[in-house]
Amino acid sequence: MVMDACGNAYVTQFFPPAIVRVRTDGTVEPFIVLPVGQTIVAANFGTGVGGWGKTHLFLSDLDDGMLEYDVGVYGKWEPHLPR
């Protein structure tokens, strides 16, 4: 699970494979529908450094490596990230 700057959470779902967004009002919605058999083991927003776009959600797949989706909003700022 990872948060964006607006307070929405992006949560990995295994069956069916997807990333769902949980909005601040508690609404749960499908956000990224993935092909059957894809297993996402980690998700995080880019840092904005070294080609890792700040508005991009990077997903680590168990078999296919890294997937990238432009979410259109920054990830939640964390103290170890550059401003």
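Here goes a summary of the coordinates provided. (Residues numbered from 1 in each chain as written. Predicted model: local features only at pLDDT ≥ 70, side-chain atom pairs only at ≥ 80, totals over all residues. Heavy atoms only, no water.)

What follows concerns the pattern of salt bridges. Throughout the structure, instances matching the rule amount to two salt bridges. Between R21 and E29 there is a salt bridge whose closest N-O contact spans 2.7 Å. The class for R21 is buried, based on a relative accessible area of 14%. Its salt-bridge partner being R23, residue E29 comes within 3.1 Å of it at the nearest N-O pair. Salt bridges here are not isolated pairs; linked through shared partners, they connect R21, R23 and E29. (Salt bridge = Lys/Arg side-chain N within 4 Å of Asp/Glu carboxyl O. Buried < 20%, exposed > 50% of the residue type's maximum accessible area, 1.4 Å probe, protein only.)

With antiparallel pairing, three strands are arranged side by side in an open sheet as β5-β6-β7. Only two strands of the sheet have a single partner each, and these edge strands are β5 (40-45) and β7 (65-70). The mean angle between the axes of side-by-side strands here comes to 20 degrees, regardless of whether they run parallel or antiparallel. Bridge count for β5 against strand β6 (residues 56-61) is five bridges, and the pairing is antiparallel. Note on β6: the bridge partner recorded for F45 is L57. (Pairing = 2+ DSSP bridges. Helix = DSSP H or I, 4+ residues; strand = E, 2+ residues; numbered from the N terminus. Axes fitted to C-alpha atoms, helices over the stretch in contact; angles between N-to-C directions.)

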